[in-house]
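Residue-level structural notes
The lines below spell out each chain.
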Amino acid sequence: MFENDFMKITVAGVGCGGNNSVCRVADAKPNGITYYGIDTDKKALRSSAVTPIHLGANHGSGRGCGGNASLGKAAAEENYELLLDLFKDCVVAFIAAGLGGGTGSGAAPIVAKAAHEAGALTIAVVTKPFAFEGSRRMAVADVGLEELRKYSDAVIIIPNENVKNSTTQKITFANAFRLIDDVLCESVLSVLEILTKAMLINIDIADINTVLRNSGDIFIGNAVAEGNDRVRKVVEAVIKNPLLEKGMNDAKGLIIYLSANHNVSLEEINDISNKIAETTSPDANIIWGFDFDDSLGDLIKVSIIASGVK
Ligand SMILES: Nc1nc2c(ncn2[C@@H]2O[C@H](COP(=O)(O)OP(=O)(O)OP(=O)(O)O)[C@@H](O)[C@H]2O)c(=O)[nH]1
Ligand SMILES: [Mg+2]
């Protein structure tokens, strides 16, 4: 796990789903991150393992928004100054939410707006509801997503339906949302890891801002491979992520981060980078980081963030 003691990174969960996933990130204990659990539901916040922020004391009962995104929005606007304060001096802010409910869909865009206005690179990581949750909830999610896109620099979208393909094990109803919390959590962790590692090596926040500021929807991929054919295997795996709504085709920006032991050849690094770059648009802005990691043995590890994906 990486360490970060050189800049303020904040991970904020909004609403029940957002909060659960942020608690998972905090459990994984990456150092030097500030966590907030933001909700209109006072009771839900009581069990939060991260710093609780209650929104909208003057808007409703303190029991959540019951799926009403206008209430969620009003609650966040009521506490806008507080939100601005939370993100003061923050360099990168992650906003996690399950879209479809009132707090996540209504308040998360305003939380993103505050983070962005405070100057942070603002990355939203959100889920869309299962089909069985009904069209009304999906419509609330769609409106929430459009609002979030207005205020976030980058958005990662995970349709809950895709989670069904994420494991060969039976997904019980009881653990379905737990699994989704994990997916949200892993997405945040993986972007965090790429950003902090890349910045430790040879990429600075200015490079990262160039690729991710106002970049729209983003794609993330992680893969490892070993053996004679490891270049082909790792490239094939890293450019696919069945959990995400968008693939990485025609990306306008790309961060590639590779690690391998000291035996890795220049040709391998060259081939991996070129093959990944071929899937982006020809004028894509590509930034690249590498680190030796002898603990990987024969494995080669590649992580990517592609921005402006269609
Ligand atoms: N990750 C995760 N998602 C959940 C959970 N419960 C529900 N969801 C999903 O997230 C969407 C929003 O639900 P919640 O997060 O409970 O809603 P909220 O943002 O708290 O909004 P209100 O309760 O209406 O104020 C749902 O439509 C589900 O798709 C959960 O425990 N974890
Ligand atoms: Mg709730």
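Predicted, not measured: the structure shown is a model, and the values here were computed from it. Each chain has its residues counted from 1, following the order in which its sequence is written. Working convention: letters from A go to chains and numbers from 1 go to ligands, in the order in which they are written. Only residues with pLDDT of 70 or above have their local features reported here, since the model is predicted, and side-chain atom pairs are shown and tallied only from 80 upward, although totals for entire chains, interfaces and linings are computed over all residues. Just so you know, side-chain values use all the structure's heavy atoms and leave hydrogens and water out.

A tally of helices and strands in the protein chain yields 11 helices and 10 strands. This radius of gyration counts C-alpha atoms alone. The globule rule is 2.2 Å times how many residues there are, raised to the power 0.38. Here the C-alpha atoms of the protein chain give a radius of gyration of 19 Å, agreeing with the 19 Å that 2.2 N^0.38 yields for 310 residues. Each principal axis of the C-alpha atoms in the protein chain carries an extent, and together these give about 60 × 45 × 35 Å. Buried positions account for 53% of the 310 residues belonging to the protein chain. At a minimum sequence separation of 6, the contacts of the protein chain that also span at least 24 residues come to 79%. Comment: elements are numbered from the N terminus, with helices defined as DSSP H or I runs of at least four residues and strands as E runs of at least two. A simple rule labels every residue: compare its accessible area, found with a 1.4 Å probe on the protein chains alone, to the largest value its type can have, and call it buried under 20%, exposed over 50%, or partly exposed in between. Contact between two residues is taken to exist if any of their heavy atoms lie within 4.5 Å; hydrogens are not considered.

On to the domain arrangement of the protein chain, then. Boundaries of every domain are those given by an automatic assignment or by a domain database. One can read the domain layout of the protein chain as domain 1 (9–201) and domain 2 (216–307). When each unit is reduced to the centre of its C-alpha atoms, the spacing between domain 1 and domain 2 is 27 Å. Overall, the association of domain 1 and domain 2 removes approximately 1,700 Å² of surface from exposure, summing both partners, and the carbon and sulfur fraction of that is 63%. By definition, a salt bridge exists where a carboxyl oxygen of Asp or Glu is found within 4 Å of a side-chain nitrogen of Lys or Arg. Summed over the shared surface of domain 1 and domain 2, the result is three salt bridges. Between Lys301 and Glu193 there is a salt bridge; the shortest N-O distance is 3.7 Å. Each polar contact in these results corresponds to two N or O atoms within 3.5 Å; when the atoms are within protein, one needs to be able to donate a hydrogen and the other to accept it, and residues that are neighboring in sequence are counted only if both atoms are side-chain atoms. Across the contact surface, domain 1 and domain 2 share 10 residue pairs in polar contact (both at pLDDT 80 or more). Among the elements of the structure, strand 5 (121–128), strand 6 (154–159), helix 7 (160–163) and helix 8 (173–201) are those that each provide at least two residues to the side of domain 1 that touches domain 2. The dominant element in the side of domain 1 that touches domain 2, judged by the number of residues it contributes, is helix 8, at 10 residues. Note on definitions: buried area is the accessible-area loss of two parts on being combined, 1.4 Å probe, summed for both.

Before going further, it helps to spend a moment on the packing of helix 3 (residues 69–78) against helix 5 (residues 102–117). Axis lines are fitted to C-alpha atoms, over the contacting stretch for helices. Their N-to-C directions set the angle, which ranges from 0 to 180 degrees. Running from N to C, helix 3 and helix 5 cross one another at 40°; their axes reach a closest spacing of 7 Å. Between helix 3 and helix 5, the crossing angle belongs to the class labelled oblique. For the element pair helix 3 and helix 5, the recorded crossing hand is right-handed. The segment helix 3 lies against helix 5, with Ala69, Gly72, Lys73, Ala76 and Glu77 engaging Gly102, Thr103, Ser105, Gly106, Ala107 and Ile110. When describing relative orientation, an angle under 35 degrees is termed roughly parallel and one over 145 degrees roughly antiparallel, while 65 to 115 degrees is termed roughly perpendicular and anything else oblique. When the near helix sits turned anticlockwise from the far one by under a right angle, the crossing is termed left-handed; a clockwise turn instead gives a right-handed crossing.

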